[in-house]
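Examination of the molecular architecture
Listed below, chain by chain, are the residues.
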Amino acid sequence: MKDNLITVGLDIGTTKITTVIGEIAADGSVDIIGEGTVPSEGIKRGAVVNLERTTAAIRNSVAAAERVSGVKVTNAYVSVAGNHAKALTSHGLAAIRRSQEITVSDVERSIENARAVPLDPNFEVIHAIPQEYVVDGQEGIKSPVGMHGVRLEVDVHIVAGSVGPLANLRRCVQEAGLQVRGLVLESLASGTAVLDASERDQTVVVIDMGGGTTDVGVFKRGNLSHSACIPIGGDHVTTDLAQILKIPLEEAENVKRKYGAALPELADPDLMLEITNASGSTHAISAFDLSRIIKPRIAEIYGMVRDEIDRELGPVELIASGVVLTGGGSLLRGVSELARERFRLPVRVGRPRGMGGLTDIVAGPVHAAAVGLVLYAAQEQMHPVGTAAQAQPANGSGSPYVRPAPTPIEYDLTPPPVDETPTPTPKPAPTPKPPRAPRNPDEKTLVDKVKDFFKDWI
Ligand SMILES: Nc1ncnc2c1ncn2[C@@H]1O[C@H](COP(=O)(O)OP(=O)(O)OP(=O)(O)O)[C@@H](O)[C@H]1O
Ligand SMILES: [Mg+2]
């Protein structure tokens, strides 16, 4: 215990605020020793809109985690939703003196050079994440320290947050009595918790389906290489249900969780629900029809994720080998099946892994970001930038510093049901898009897309 470090993750979400306390042993393994979750107050779409209420909710969440762990919390790593952040990739270069080995300071210099991009003064850099290094033209190097060469290059994924919302976030945490040890993008935190070792060798899309936002992270060989935020989450489904069924939000939330599905075919075919609206009149709706209201919203979110990746990186089914859904929204029945249909990739629901201690309490996808903050902090504290250990997977087998994943990863590969039923559109989508061409990898449309994508390069 003497040498162990206490690290705290504070996930300030739109629907809940979670504090997770982790204990990092000298070998880098992480035990979860405290957890506290309270309903979120004063947050809208991942941003603080009421300082006092947010501060009070943070205080309650921290106090609950302190009670479980018996530890007094003084600082925390804090999640940042991506809706007021922007991301870009920048190239950095460092010259190495002849016949000298590349050092950590050379690596840092190459990253610093990449960071020196002109940024809007209203933005501050949250992350500068080095991708693979290039030494004298040799690509694909994860750990250049100790190598020989005269020219070190690196692509750096830069995430910058809007100064105002970040200042509000820091202020609430400080008013609640904690120092902000670090700010971490939500998609990076979630990916750190849910990806396993094999996924860290590939390109995988992590989609954190929260209440107010859907945070997207593309992880290429373990590094966050692209990030985006869709300003819609599971709460929009609830709001739709409340409006259409004329019931209070809390009741709509219950109905969604208990009977809803993202694919009507997965709803109970025989179930009829009696709904009593605000004026006292009662009407019946089948679970199938309920899910026909839900499906377009989830499909819309996936469409926006797809558009973002297609536009920035190329057709998602070509650049990625799988999709991992996490966050509370991933608990809705049928979200994996619908995602598989829309992305044409293997899809699974990601739960936190790679830690010990109170694993049962933080086992669900709603805890991905909070646990990820602790695991991210553990990595940051254990390994300096550009060293071999940095290239290790954050969890799963083969990692020298965290426990192996307890259960093998299982993608859900059964073919999705064919949905021939026209779905009603309860209200116009906020960002209407032209209809999409069918996405079958064998069809010509995709080939054309690939040609388009590479047309500037050949
Ligand atoms: N069992 C469930 N079935 C369906 N939806 C669920 C379930 N549990 C939670 N949700 C939905 O998940 C959402 C909350 O997810 P989460 O706790 O990850 O959000 P958050 O982190 O507070 O928000 P954000 O990340 O957007 O700021 C809500 O929209 C809620 O309705
Ligand atoms: Mg969240």
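Structure shown above.
Let me sum up the structure you'll find in this document. (Residues numbered from 1 in each chain as written. Chains lettered and ligands numbered in written order. Predicted model: local features only at pLDDT ≥ 70, side-chain atom pairs only at ≥ 80, totals over all residues.)

**Some details on the site of ligand 1**
Near ligand 1 lie 25 residues; those nearest to it are G13, T14, G210, G234 and G328. If you list the elements that add at least two residues to the shell around ligand 1, you get α5 (234-245) and α6 (249-259). Its residues placed into classes, the shell around ligand 1 shows four nonpolar, 15 polar and six charged. (Near = placed C-beta within 6 Å. Helix = DSSP H or I, 4+ residues; strand = E, 2+ residues; numbered from the N terminus. Nonpolar A, V, L, I, M, F, W, Y, C, P; charged D, E, K, R; others polar.)

**Regarding helix α2 (residues 104-115)**
Because the α-helix completes a turn every 3.6 residues, residues three or four places apart line up on one side. Between its first and last C-alpha, α2 extends 16 Å over 12 residues, near the 16 Å set by a 1.5 Å rise per residue. By the burial criterion, the buried members of α2 are D106, V107, S110, I111 and A114. Projected down its long axis, α2 carries its buried residues within an arc of 135 degrees, all on one side. Buried-residue contacts for α2 involve β7 (85-95), β8 (123-135) and β10 (151-162). (Expected span 1.5 Å × (residues − 1). Buried ≥ 20, exposed ≤ 12 C-beta atoms within 10 Å, placed from the backbone. Arc of directions from axis to C-beta. Contact = placed C-beta atoms within 7 Å.)

**Some points on the sheet that holds strand β11 (residues 179-185)**
Across a sheet, strands are paired by hydrogen bonds formed along the backbone, either parallel or antiparallel in direction. Spatially, the six strands line up as an open sheet ordered β11-β6-β1-β2-β3-β19, and their pairing is mixed. At either end of the open sheet lies a strand with only one pairing partner, and these are β11 and β19 (356-357). By the bridge criterion, two bridges tie strand β1 (residues 5-12) to strand β6 (residues 75-80) in an arrangement that is parallel. Bridging from a neighbouring strand, L10 pairs with V78 of β6. Helix-sheet contacts for helix α10 (residues 368-382) involve β1, β2 (16-24), β3 (30-39), β6 and β11, and the interaxial angle to β1 is about 140 degrees. (Pairing = 2+ DSSP bridges. Axes fitted to C-alpha atoms, helices over the stretch in contact; angles between N-to-C directions.)

**Quick look at the pairing of β8**
Direction of pairing for β8 relative to β10: antiparallel, over a ladder of 10 bridges. The residue of β10 that forms the bridge with P130 is V156. Strand direction decides the pairing type here: β8 and strand β9 (residues 138-141), joined by two bridges, are antiparallel. Directly across from Y133, in β9, lies its bridge partner I141. Hairpin remark: β8 followed by β9, antiparallel, with two residues in the connecting loop; positive phi at D136, about 50 degrees.

**Some points on the packing of helix α1 (residues 51-69) against helix α3 (residues 163-175)**
Running from N to C, α1 and α3 point in directions that differ by 50 degrees, and their axes come no closer than 8 Å. It follows that α1 is oblique to α3 by the angle criterion. At the point where α1 passes α3, the crossing takes the right-handed sense. Between α1, through L51, T54, T55 and I58, and α3, the contact on the second element is made entirely by N168, R171, C172, V173 and E175. Taken together, the residues of the contact of α1 with α3 break down into four nonpolar, three polar and two charged. (Parallel < 35°, antiparallel > 145°, perpendicular 65-115°, else oblique. Left-handed = near helix turned anticlockwise from the far one by under 90°.)

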